[in-house]
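The lines below spell out each chain.
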Amino acid sequence: MNTYEQEYALSIEHPETFWADKARELDWFKAPEQILSQDENGMDRWFADGEMNTCHMALDAHVAKGRGSQVAVFYDSPVTGIKQQLTYDELLSQVSLFAGALQEQGVVKGDRVLIYMPMIPQAMIAMLATARLGAIHSVVFGGFAANELAVRIDDAQPKVVVSASCGIEVDRVIPYKPLLDDAVDMAEHKPERCVIFQREQVTAAMQAGRDLDWSQLVATAQPADCVTVNGTDPLYILYTSGTTGKPKGVVRDNGGHAVAMKYSMKAVYDMDPGEVFWAASDVGWVVGHSYIVYAPLLAGLSTVLYEGKPVNTPDAGAFWRVVNEYGVKALFSAPTAFRAIRKADPNSEYLKKYDLSCLKTVFLAGERLDPPTYEWLKELLSVPVVDHWWQTETGWAICGNLMGIDPKPCKAGSSTLPSPGFNVQILDEAGTPLGPNEQGSVAIKRPLPPSCLPTIWGNFERFQNGYLSTFDGYYVSGDGGYRDEDGYVFIMGRTDDVINVAGHRLSTGEMEEVLAAHPAVAECTVIGVADELKGQLPLGLVILKDGETMSEDELQAELVERVRNQIGAVASFKKALVVERLPKTRSGKILRKLLRQIADGETYNVPSTIDDPASLPEIADVLALHGYKKAN
Ligand code: COA
Ligand code: AMP
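All figures in this text were calculated on a predicted structure; none of them were measured in a lab. (Residues numbered from 1 in each chain as written. Chains lettered and ligands numbered in written order. Predicted model: local features only at pLDDT ≥ 70, side-chain atom pairs only at ≥ 80, totals over all residues. Heavy atoms only, no water.)

1. Let's talk about the UniProt feature "domain: AMP-dependent synthetase/ligase" (unreviewed entry) in the chain
- The UniProt record annotates "domain: AMP-dependent synthetase/ligase" (unreviewed entry) at residues 64-447.
- The annotated region residues 64-447 carries 30% helix and 24% strand content, and the separation between its end C-alpha atoms amounts to 35 Å. (UniProt positions renumbered as here; feature names shortened; annotations may be inferred. Helix = DSSP H or I, 4+ residues; strand = E, 2+ residues; numbered from the N terminus.)

2. A word on the UniProt feature "domain: Acetyl-coenzyme A synthetase N-terminal" (unreviewed entry) in the chain
- According to UniProt, the positions carrying the feature "domain: Acetyl-coenzyme A synthetase N-terminal" (unreviewed entry) are residues 4-58.
- Helix makes up 44% of residues 4-58 and strand 15%, and the two end C-alpha atoms of the span are 27 Å apart.

3. Structural notes on helix H17 (residues 592-599)
- The buried fraction of H17 is high, at six of eight residues.
- Those residues of H17 not exposed but buried are Arg592, Leu594, Leu595, Gln597, Ile598 and Ala599.
- In this fold, the buried residues of H17 make contact with helix H15 (508-516), strand E29 (521-531), strand E30 (535-544) and helix H18 (615-625).
- Following H17 by one or two positions, glycine 601 has its phi on the positive side, about 70°. (Buried < 20%, exposed > 50% of the residue type's maximum accessible area, 1.4 Å probe, protein only. Contact = heavy atoms within 4.5 Å.)

4. Examining the domain arrangement of the chain
- Along its sequence, the chain is organised into domain 1 (1-66 + 230-495), domain 2 (88-227) and domain 3 (496-625).
- Look at where the C-alpha atoms of domain 1 and domain 3 centre, and you get two points 31 Å apart.
- In this assembly, 21 residues from domain 1 lie in contact with 18 residues from domain 3.
- Surface buried jointly by domain 1 and domain 3 totals about 1,600 Å² across both partners, of which 48% is contributed by carbon and sulfur atoms.
- The largest share of the area that domain 1 buries against domain 3 comes from Ser241, Trp285 and Arg494, three residues that together contribute 34% of it.
- Our count for the contact surface shared by domain 1 and domain 3 stands at two salt bridges.
- Among the salt bridges present, the one from arginine 494 reaches aspartate 496, with a minimum N-O distance of 2.7 Å. (Domains from an automatic or database assignment. Buried area = accessible area lost by both parts, 1.4 Å probe. Salt bridge = Lys/Arg side-chain N within 4 Å of Asp/Glu carboxyl O.)

5. Looking at the sheet that holds strand E20 (residues 385-387)
- The sheet built from seven strands is open, its strands ordered E5-E4-E17-E16-E18-E19-E20 with mixed pairing. Edge strands, defined here as strands with exactly one partner in the open sheet, are strand E5 (82-87) and E20. Direction aside, the axes of adjacent strands within the sheet are offset by 20° on average.
- Where strand E18 (residues 328-333) and strand E19 (residues 361-364) come together, four bridges link them in parallel fashion. The residue of E19 that forms the bridge with leucine 331 is valine 362.
- Lying over the sheet, helix H12 (residues 335-344) contacts E18 and E19, oriented at roughly 100° with respect to E18. (Pairing = 2+ DSSP bridges. Axes fitted to C-alpha atoms, helices over the stretch in contact; angles between N-to-C directions.)

In C-alpha cells, the structure reads:
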C-alpha cells in the first residue's frame, strides 16, 4: 500500500497512469485507451473512447459476479414508518423495468429526465433507470419551490419528469404534484410526460394525456437493457447556486465519475464491498448523488436511504438508531446535523441506548466543520471525525483524509490534505501561489481529475468565465483559505455571494432578485450571517421607496413569503430589516462582505473605495438593535 505522499505524487506527476490503473477496477464494455484528452472547448476529458454504462457497472456487473443477494439499499423512513430492503437482484430488476417504462415513453440516449422526488427508493430507481438508457437525469431537491423547478425545466428541457405525489417533512405532508403542475405551467418548455409515484399519504390528481402512474407503467413494462455510452457522455446535470439568480447546471460525465466514485469509496472512506455506508443527506444534493446512490453501488456496498431528520423523527437518537440497526461502518453528514443533535440532546442520553461498535469513522462536509462541533463529536463517539471539502462541481472530496490508504492525524478546522488528482494551490489576487499560512483564493491547477465538471449545461462560456478565466491554467473554487506549514488545507468560506445554510448552498443574489421585485423595495441586499445551528442564515437589508409607509413587520412577512414561494422553504429566509442606506463602493457595488462582518461582530477594515462611510455606523446600529453583534 502506498503512503499518502506516494499516492498523491503519482496522481499529480503521472495522472494518466494513475487513473488508467483505477479505471481497470470497473466493468467497461470496451476499456478506455484514451485516458486524458481535450474536447472542442479545450477542456480536460477522461476516458473519451471507453464504452460503458454506469448502471451496468453499479448493478448488472455485481449481479453477474454473485453479489445479487446482498442488500443494495436499506430504505428507512421514520416519517412513514416504512423499512424496506432491496437486494442487488431486486434493485436491478426494478431499475430495468422502470427503464423499460421510460423507453416506452420515447426516452433515448441523450434525452433529459428531470426527477423531483422525496427520499424514497423510486428516486434512486429513476436515476439508475435513466442512466441505463444513456439518458441524462437532473434531480431537483424537493425543498425547492415551483419557480425554481420551472427554471430547471427550461434549462434542462426534459422529455419526461418523474415525481411523487408528496414529500413528508417532520410536521407536515407536502403535496409535490401541485408544485410540479405550477412549474410546468410557468416553464416555456413542456415535458411530454410526467410519471407520478402515488404515495399512500396523498393521491395526486393526474392530467389526462400528460401524466402517467408509475405503478401502472411498471406493471406492463418490459425490462430494458443497458445502452452503451462513451466515457465523456453526460450522466447527469445537477443545478447548484451561483452568484446570479440563474442556477448553474453542473454536468457530470459517465466515465470519470464512475472511476472517481469507485476509487474514493475505498481511498477516502475505507469502504470494502459488502459493508454498509450511510450518507445522511438527500438525493437532491451532490452528496446524495455521489454517496447515497452511485459510489456505494459502484463499489458493491450496501447504502442507506433515510427519509427523516437527525432530530424530531422522532428524536435526537435517530442517527444512532440507524447506525446500530444496519451496522453502518461510516456515516457521512453535514456539521449542522450534529449541531442539531447536540442542541436537542446535550447530555447524549439517546446515544447510550445503542451499541455503535460497528461505526469506524464519521465524515463531514457541506460547510466548514467548526472546531467545537469537531471536538464534541470526536469525544462523543471515540472514532476519527473527518472533515472533507468538496463541491457539486467536483462530485467528490477535493481535500480530505485518505482513511483507506494512509490516515493522517486530523486538525480541528482543517479538511486535511488534497485528494489524489487535485493539485490545490492558494493564489493571491495576481494568481501567484502563496506560502504557508497565507490566505488567498483556493484554486486547482488543471487538469482537473475525473468526475469534475467539463462544462455548465449548454453554456461553456459561463463555465469559462466563472471558473477558468480568472487565473490561467487554474480552476477557481470560489472558496478562500490557506495551507499551514504541514500543507493542511483550511477552507475559510466563500469569496463570492454564495452562502451555506444547513449545509445547503444558496445564492444571495437569487434572494436579492426576489426582494427587489417587491413594489415597496427601492434597493436591497441579502447577506449570510452566522448562525449557531445552521452555520449561516440569510438576512435581508432593504431600503424602502420614497413615500412608502408599509411597516417593517408587514414588509418582512411579505418578503419571507415571497422567498418561500419563489425559492423554497429550504432558503430559511426569515428576517428582513429596513435601513436608510447601504454602504457601497464609488462604482456602486454594495459592500456585502463588510455588512456580513459587521453583523457577525468581526473586526473589519473600511475599504478606501467606500462612497459613503457615514452609512456604516448607521447600519451597525440597526443590526445591533436586532441582536446582531457590532464590532470596531
Ligand atoms: N421538501 C420540502 N420542504 C423541505 C425539504 C424537502 N425535501 N427539506 C427541507 N424542507 C423545508 C423544511 O421543512 C423547513 O421548512 P420550515 O421553514 O417550514 O421549517 C425548511 O425547508 C428548512 O429546512 P432545513 O434546512 O432542513 O431545516 P430544518 O429546521 O427542518 O432542519 C437540520 C435543520 C439541521 C436538522 C437539517 O437541515 C438537516 O438535517 N441538515 C442536514 C444537512 C444535509 O442534509 N445537508 C446536505 C449536504 S451533506
Ligand atoms: P455544494 O456544492 O453544495 O457541495 O457546496 C460547496 C461549498 O460548500 C464549497 O464551495 C464550500 O464553500 C462549502 N463546503 C463544503 N464542504 C466544506 C468543508 N468541509 N469545509 C468548508 N466548506 C465546505
